[in-house]
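What the coordinates show
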Amino acid sequence: MTVHPGGDRTDGSRPAEDRDQGFPVPSALLEENAEDLYENAPCGYLSTLMDGRIAKVNGTLLKWLGHRREELVGHKYFSDLLTIGGRLYHETHFAPLLRIQGEVNGVALELKATDGTRLPVLVTSTVKRDEDSEPLLIRTTLLDARDRRTYERELLRARQEAERDRERLQRLATTLQRTLIPPAIQPVPGLEAAAHYHFASTDEVGGDFYDLFPLAPGTWGFFMGDVRGKGADAAVVTSLARYTLRAAAVSDPVPVKVLANLNTALNHQVQEDEPFFCTVIFGLLTAEENDVGFHVALAGGGHPPAVLLQADGNAGYLPTPGGQLVGVVPDAQFTTATLDLRPGDTLLLYTDGLTEARTGNRGERYGDEAFLDFARSLAPTTAPGAVRALTALLDSFGEGLDDDTALLAMSVPPGERLGRPTGSPGVTCGR
């Protein structure tokens, strides 16, 4: 079998090394030559002398710019092909850096075509040197960046639109959240009350809620709750829970019955995939007949227990044993705890974002015991004082506080008598 010097066989087969490639090699590909590859490359090629004067240019770049070869070679400089801004950058940054490093890669510049249009390109230049390392000329490759520029503009436009959408979502979430918590706590004669709400996220609506409201002369209702999840679904449950609790308290203010009514309402909203449920603590404030405090009845539905900070400096939890989550089962059972809130005493309600905040480098939870120790360090205190101290505690957690947290405190001022006229009692509400 005869084999030609180039490797072709007279029988039309290819050498073994070609067959090993795993695919047939088109004859047109084998006939490519270096000059054709240079002239019709998918990118622009340019060679210049060290002063930037054009010595060689390929057909691709000429086609892009609309120039004839004789107009450029020996007459124009590379910088002449650039826009004014590109020429300034080339002279002040690109060229000096090329002289120092001998190579510059992927710099974005703009060329100007003969018809006045601009062509964005990515430019890579290298210095060719002789055997003595003396610079001979500069070889430059130019990649058409029009599609890339279009992509970047579309990406920027999409990013800006996403940012506007995010801002609209934040405003909507903030507005919705503020409709789910009272803008101010209604004054209760002889009682100081203070509240605070920490928003863990500006993008999502949280599920924490609270309220303090009048029911009848000498009687007020209050509650603190935390809905499962976040977002629109949580907002639906929060709204339903708030208004159901208020309506149920007006109908029959016995705390366990109020929670039972809420449990029934949530069970009527059953969703197989995302059941509606929450934790709630509901309380009833009744002014004492001797005008020296309030009688408090509490019922808990799976919510963290309230804390009583007493005038004598003691502090402790007020558990409501057996209280089940509200909305999980139709026949949930709730229990009642009672206490007398005397002058100098403070009753504190909160959501578990406080006790579940992460502390330290190991991400440990703050915990119930640490919180009770902190509460003991405050007693005796007032409602505004307790909320101020707890707000500072929440701030100290920084990024470790990753859940919404609500606080509601009520206290009877020392020596307060409910029957005396008091302008407006000290009532504050913080966010």
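Parameters and conventions
- Residues numbered from 1 in each chain as written.
- Predicted model: local features only at pLDDT ≥ 70, side-chain atom pairs only at ≥ 80, totals over all residues.
- Heavy atoms only, no water.
- Phe/Tyr/Trp six-rings, centres within 6.5 Å; stacked < 30°, edge-to-face > 60°.
- Buried < 20%, exposed > 50% of the residue type's maximum accessible area, 1.4 Å probe, protein only.
- Lys NZ or Arg CZ within 6 Å of the ring centre and 35° of its normal.
- Helix = DSSP H or I, 4+ residues; strand = E, 2+ residues; numbered from the N terminus.
- Contact = heavy atoms within 4.5 Å.
- Pairing = 2+ DSSP bridges.
- Axes fitted to C-alpha atoms, helices over the stretch in contact; angles between N-to-C directions.
- Polar contact = N/O pair within 3.5 Å; in protein donor to acceptor, adjacent residues only side chain to side chain.
- pLDDT = per-residue confidence, 0-100.
- Patch = residues over 30% accessible without salt bridge, like charges linked within 9 Å, V, L, I, M, F, W, Y side chains within 5 Å.
- Areas by Shrake-Rupley, 256 points an atom, 1.4 Å probe, with all protein chains shown as cover.
- Salt bridge = Lys/Arg side-chain N within 4 Å of Asp/Glu carboxyl O.
- Lys, Arg positive; Asp, Glu negative; His and termini not counted.
- Charge placed at Lys NZ, Arg CZ, Asp CG, Glu CD.

1. Re the packing of aromatic side chains
Applying the stated criterion across every chain yields a total of eight aromatic pairs. Geometrically, the ring pair formed by Tyr197 and Phe199 is tilted, given 4.9 Å between the ring centres and 45° between the ring planes. A residue is classified by how much of its surface remains accessible, and Tyr197, at 1% relative accessible area, is buried. Through a chain of ring-to-ring contacts, three or more aromatic side chains come together here, namely Phe209, Phe213 and Phe223. Over the ring of Tyr38 we find Lys56, and its NZ or CZ is 4.5 Å from the ring centre. For Arg242, the ring lying beneath its charged end belongs to Tyr243, and the centroid distance is 5.4 Å.

2. A look at the environment of Leu393
Within the element layout of this structure, Leu393 appears in helix α11 (residues 383–396). Sequence separation between Leu393 and Leu354 is 39 residues; the distance between their C-alpha atoms is 8.9 Å. In this view, Leu393 contacts Leu354, Tyr366 and Phe374; residues no more than four positions away in its chain are not counted.

3. A short note on the sheet that holds strand β7 (residues 208–216)
In space, the five strands of this open sheet follow the order β7-β8-β9-β10-β13, with antiparallel pairing throughout. Edge positions in the sheet fall to β7 and β13 (336–341), since each of these pairs with one other strand and no more. Shown here is a sheet whose adjacent strand axes are inclined to one another by a mean of 15°, direction ignored. As judged from the eight bridges shared by β7 and strand β8 (residues 219–227), these two strands associate in the antiparallel manner. Within β8, the residue paired with Asp208 across the bridge is Asp226. Contacting β9 (278–287), β10 (294–301) and β13, helix α9 (residues 255–267) runs over the sheet at an angle of about 150° to β9.

4. Points about the sheet that holds strand β1 (residues 44–49)
Taken in spatial order, the five strands make up an open sheet running β2-β1-β5-β4-β3, and their pairing is antiparallel. Of all strands in the sheet, those with a lone pairing partner are β2 (54–57) and β3 (103–112), marking the two edges. Neighbour-to-neighbour, the strand axes of the sheet open up by a mean angle of 25°, direction not taken into account. Sheet topology places β1 next to β2; three bridges connect them, and they run antiparallel.

5. With respect to the side chain of Glu39
You can see Glu39 is positioned in helix α3 (residues 34–39). Since its relative accessible area comes to 16%, Glu39 is described here as buried. Within the structure, Glu39 has its side chain in polar contact with the side chain of Arg69 (distance 3.0 Å). Other than its neighbours up to four places away in sequence, Glu39 contacts Val57, Asn58, Gly59, Thr60 and Arg69.

6. Points about the confidence of the model for the protein
Summary statistics for the protein give a mean pLDDT of 83 and a share of 82% for residues scoring 70 or more. Ignoring residues within four places in sequence, the model shows residues 16–20, a span with pLDDT below 50, making three contacts including any to other chains.

7. Thoughts on a negative patch on the surface
A grouping of Glu356, Asp368, Glu369 and Asp402 is seen on the molecular surface, where their side chains present a negatively charged patch. With respect to the helices and strands, the residue Glu356 is situated in the loop between β14 (346–350) and β15 (358–359). Residue Glu356 is classed as partly exposed on the basis of its relative accessible area, which comes to 37%.

8. Overview of the pattern of salt bridges
Taken as a whole, this structure holds twelve salt bridges when the rule is applied. For Lys257, the salt bridge goes to Asp252, with nearest N and O atoms at 3.4 Å. For Lys257, a relative accessible area of 44% gives the class partly exposed. With its nearest N and O atoms 3.6 Å apart, the salt bridge here joins Asp340 to Arg342. Using a relative accessible area of 34% as the deciding quantity, one classes Asp340 as partly exposed.

9. Some details on the environment of Asn314
By the secondary structure assignment, Asn314 is in the loop between β11 (306–309) and β12 (315–318). The contact partners of Asn314, leaving out residues within four places of it in the chain, are Leu308, Leu309 and Ala379.

10. Observations concerning the side chain of Thr405
Checked against the element boundaries, Thr405 lands in strand β17 (residues 405–411). For Thr405, a relative accessible area of 0% translates into the label buried. The residues touching Thr405, leaving out its near neighbours within four places in the chain, are His196, Tyr197, His198, Asp208, Thr351, Gly353, Leu354 and Leu394.

11. Some points on the pairing of strand β4 (residues 118–129)
Where β3 lies against β4, eight bridges are found, and the strand directions are antiparallel. Residue pairing across strands places Ala108 opposite Leu122, the latter belonging to β4. Between β3 and β4, which pair antiparallel in sequence order, lie five residues; one of them, Gly116, sits at a positive phi of approximately 90°. Taking the residues that link successive antiparallel strands as the turn, the β4-strand β5 (residues 135–144) hairpin has five residues, and the phi of Ser133 there is positive, at about 65°.

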